[in-house]
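Coordinate inspection notes
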Amino acid sequence: MRPEDLRAEIPALERGVYFNTGASGPAPRRVVEAAGDFLEHHEYVAPVEEGAYPAAFETFEETREVVADFLGADPAEIALTESTADGIARVAAALDWNPGDVVVRTDLEHSAGVVPWWNLRDQGVEVRVLDTEAGRLDLDSVAEAVADARLLCLNSITWNYGTRLPVAEIVEIAHDHDTLVLVDGVQSPGQVPVDVREWGADFVAAAGHKWLLGPWGAGFLYVDRSVADGLTPGIASYRSVADASADDLSLKAGAPRLEVGTTSPAPYRGLIEAIDTVEALGYDTVTGRIERLTDRLKAGLGDRLLSPRAYESGLVTFDADDPEGLVDRLADEGIHVRSLPYPDAVRASVHVFNTAADVDALLDAL
């Protein structure tokens, strides 16, 4: 597949110039059709054929296998969630916290990586914030912060600067202090390759509705097998246990114990198609095009650029006198970006479906 072929399949791009994939990616028709076709089968055919539950559970298992292969994991290390925030919250609820435990997070975390730790305040858990500089982490500061911590939470690619953090190095530092590591990885899959074995983190939470261009409602959580079997879900139901009808219940082995109950399988069919689409494009094509287009955008932004000048990701943040006002004006002109709370700036997300003409339209509008 070529980027032009993908672009032609995305109806949202017929209505404007889209630079907000870092928030939510516009899905191509093939993804929406995969979800819709399965929904029709599940509701119209499955009840009197294989059964609604068997059809759903077959999809869950296939999704787990596809996601695991995509991330370099084992299917037993994948829990299906609704979103990145959902995955992080499940981890926070599954660990056995004690008064005095410390969670370290960076000051670059999305609210998905902030609220679950704040919610542990009544359990006596301390949240320690690791300061950064323009999207960069000082590794000596990391070592100091995690020395007595239970868990470290950080992004793989920062959502506000687009910097790519050295996850494997940070994980090694944290593990030297017996600190667990949870990576908010949602800005990575779909724009850069992800190998969870190379990262070495204990948990990686992500979802399909950003750079993978999948539907909302299909998230995934990687949990290292050595950690997963020691977790007790904060919420458990029939999908959390090995045999829900057994007299002597036991949790499932691995990450699937963090799954709960009935949910729509249709978004996961869309996620499978979205992953297949990225693989049909190939990451060389994806990252190469993003790099060329972000270079073009950064050159045009000049001194307004706040993200790194050299390529790290498709997230490009730049200064503006009135970020929210600028976002509104650009939207009126059919160009869609977003404002950020910190830094007080504007962010454009450049993906493989964008073109040089898109970039020039944004620069001309600025």
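For the structure itself, look to the data block above.
Note that the coordinates shown come from a computational prediction; the quantities given were computed from them, not determined experimentally.

**Quick word on empty space enclosed by the protein**
Summed over the entire model, instances satisfying the criterion amount to 1 cavity of 30 Å³ or more. Each pocket or cavity is described by its volume, and for the largest cavity that value is around 50 Å³. Forming the walls of the largest cavity are Leu-6, Pro-28, Gly-190, Trp-211, Leu-212, Leu-213, Thr-277, Val-278, Leu-281, Val-286, His-351 and Val-352. With 3 residues, the single largest contributor to the lining of the largest cavity is helix 10 (residues 266-281). Partitioned by chemical class, the residues of the lining of the largest cavity number 9 nonpolar, 3 polar and no charged.

**So, the side chain of Ser-24**
One can find Ser-24 in the loop between strand 1 (17-18) and helix 2 (29-45). On the basis of relative accessibility, which here comes to 16%, the residue Ser-24 falls in the buried class. Separated by 3.0 Å, the side chains of Ser-24 and Trp-216 make a polar contact. If sequence neighbours within four positions are ignored, Ser-24 has contacts with Tyr-18, His-209 and Trp-216.

**Considerations on helix 10**
Over its 16 residues, helix 10 extends 23 Å from the first C-alpha to the last, a length consistent with the 22 Å expected when each residue adds 1.5 Å. With 12 of its 16 residues buried, helix 10 lies for the most part within the structure. In this fold, the buried residues of helix 10 make contact with helix 1 (3-8), helix 2, helix 3 (52-71), strand 2 (78-81), strand 8 (219-223) and helix 11 (283-301). Just downstream of helix 10 lies Gly-282, where phi reads positive at about 90 degrees.

**Overview of the packing of aromatic side chains**
A full pass over the atoms with the stated rule returns 6 aromatic pairs. Ring centres of Phe-70 and Tyr-283 lie 6.3 Å apart, and the angle between their planes is 25 degrees; this geometry places the pair in the stacked category. Taken as a pair, Phe-70 in helix 3 and Tyr-283 in helix 11 lie far apart in primary sequence, 213 residues in all. The aromatic ring of Trp-118 is capped on one face by Arg-121, whose charged end is 3.7 Å from the ring centroid.

**Topic: the packing of helix 2 against helix 10**
For the pair helix 2 and helix 10, interaxial distance at closest approach is 7 Å and the crossing angle is 150 degrees. As for how helix 2 packs across helix 10, the hand of that crossing is right-handed. Across the interface between the two elements, Arg-30, Val-31, Ala-34, Ala-35, Phe-38 and Leu-39 of helix 2 pack against Ala-266, Arg-269, Gly-270, Glu-273, Ala-274 and Thr-277 of helix 10. Among the residues forming the contact of helix 2 with helix 10, the class breakdown is 7 nonpolar, 2 polar and 3 charged.

**Quick word on the environment of Ala-27**
Along the chain, the position of Ala-27 falls in the loop between strand 1 and helix 2. Between the C-alpha atom of Ala-27 and that of Ala-73, which follows or precedes it by 46 residues, the distance is 25 Å. The residues contacting Ala-27, other than those within four sequence positions of it, are Glu-9, Ile-10, Pro-11, Val-32 and Leu-213.

**Things to note about the sheet that holds strand 12 (residues 345-349)**
An order of 9-12-11 is seen for the 3 strands of this open sheet, with the pairing classed as antiparallel. With partners counted over all chains shown, the strands left at the sheet margins are strand 9 (315-318) and strand 11 (338-340), one partner each. Here the average twist between neighbouring strands, direction ignored, is 35 degrees. The pairing of strand 9 with strand 12 spans 4 bridges and is antiparallel. Bridging from a neighbouring strand, Thr-317 pairs with Arg-347 of strand 12. On the sheet, helix 11 packs against strand 9 and strand 12 and is oriented at approximately 5 degrees with respect to strand 9.

**Side note on a negative patch on the surface**
Side chains of Asp-319, Asp-321, Asp-322, Glu-324, Asp-328, Asp-332 and Asp-344 sit close together on the surface and give a patch of like negative charge. If you trace the backbone, Asp-322 turns up in the loop between strand 9 and helix 12 (323-332). On the basis of relative accessible area, Asp-322 is assigned to the partly exposed category, the value being 48%.

**Some words on the pattern of salt bridges**
Tallied over the full model, the rule gives 19 salt bridges. With its nearest N and O atoms 2.6 Å apart, the salt bridge here joins Arg-30 to Glu-9. Of the two residues, Arg-30 is situated in helix 2 and Glu-9 in the loop between helix 1 and strand 1; the sequence distance between them amounts to 21 residues. Arg-30 sits in the partly exposed class, given a relative accessible area of 28%. A salt bridge links Glu-259 to Arg-239, with the shortest nitrogen-to-oxygen separation between them at 2.7 Å.

**Thoughts on the sheet that holds strand 7 (residues 203-207)**
Spatial strand order, 2-8-7-6-5-3-4: 7 strands in an open sheet with mixed pairing. A single partner strand is all that each edge strand has here, and the edge strands are strand 2 and strand 4 (126-130). Direction aside, neighbouring strands of the sheet carry axes that sit 20 degrees apart on average. Those strands touched by helix 3 are strand 2 and strand 8, and its axis lies near 120 degrees from that of strand 2.

**Examining unusual backbone geometry**
It is generally the case that most residues other than glycine have a negative phi and that most peptide bonds are trans. Put simply, Tyr-342 and Pro-343 share a cis peptide bond, and its omega is -5 degrees. Structurally, Pro-343 can be placed in the loop between strand 11 and strand 12. Despite not being glycine, Asp-178 has its phi angle at roughly 60 degrees, a positive value. For Asp-178, the position within the fold is in the loop between helix 7 (167-176) and strand 6 (180-184). Phi at Leu-213 is positive, roughly 60 degrees, even though this residue is not glycine. Along the chain, Leu-213 falls in the loop between strand 7 and strand 8. Relative accessible area serves as the criterion here: at 4%, Leu-213 is assigned to the buried category.

Definitions and limits used
Residues numbered from 1 in each chain as written. Predicted model: local features only at pLDDT ≥ 70, side-chain atom pairs only at ≥ 80, totals over all residues. Heavy atoms only, no water. 1 Å grid on protein atoms, 1.4 Å probe; cavity = no way out; pocket = protein on both sides within 12 Å on 5 of 7 lines; lining within 4 Å. Points joined across faces, edges and corners; volume = space filled by probe spheres on them. Helix = DSSP H or I, 4+ residues; strand = E, 2+ residues; numbered from the N terminus. Nonpolar A, V, L, I, M, F, W, Y, C, P; charged D, E, K, R; others polar. Buried < 20%, exposed > 50% of the residue type's maximum accessible area, 1.4 Å probe, protein only. Polar contact = N/O pair within 3.5 Å; in protein donor to acceptor, adjacent residues only side chain to side chain. Contact = heavy atoms within 4.5 Å. Expected span 1.5 Å × (residues − 1). Phe/Tyr/Trp six-rings, centres within 6.5 Å; stacked < 30°, edge-to-face > 60°. Lys NZ or Arg CZ within 6 Å of the ring centre and 35° of its normal. Axes fitted to C-alpha atoms, helices over the stretch in contact; angles between N-to-C directions. Left-handed = near helix turned anticlockwise from the far one by under 90°. Pairing = 2+ DSSP bridges. Patch = residues over 30% accessible without salt bridge, like charges linked within 9 Å, V, L, I, M, F, W, Y side chains within 5 Å. Areas by Shrake-Rupley, 256 points an atom, 1.4 Å probe, with all protein chains shown as cover. Salt bridge = Lys/Arg side-chain N within 4 Å of Asp/Glu carboxyl O. Lys, Arg positive; Asp, Glu negative; His and termini not counted. Charge placed at Lys NZ, Arg CZ, Asp CG, Glu CD.

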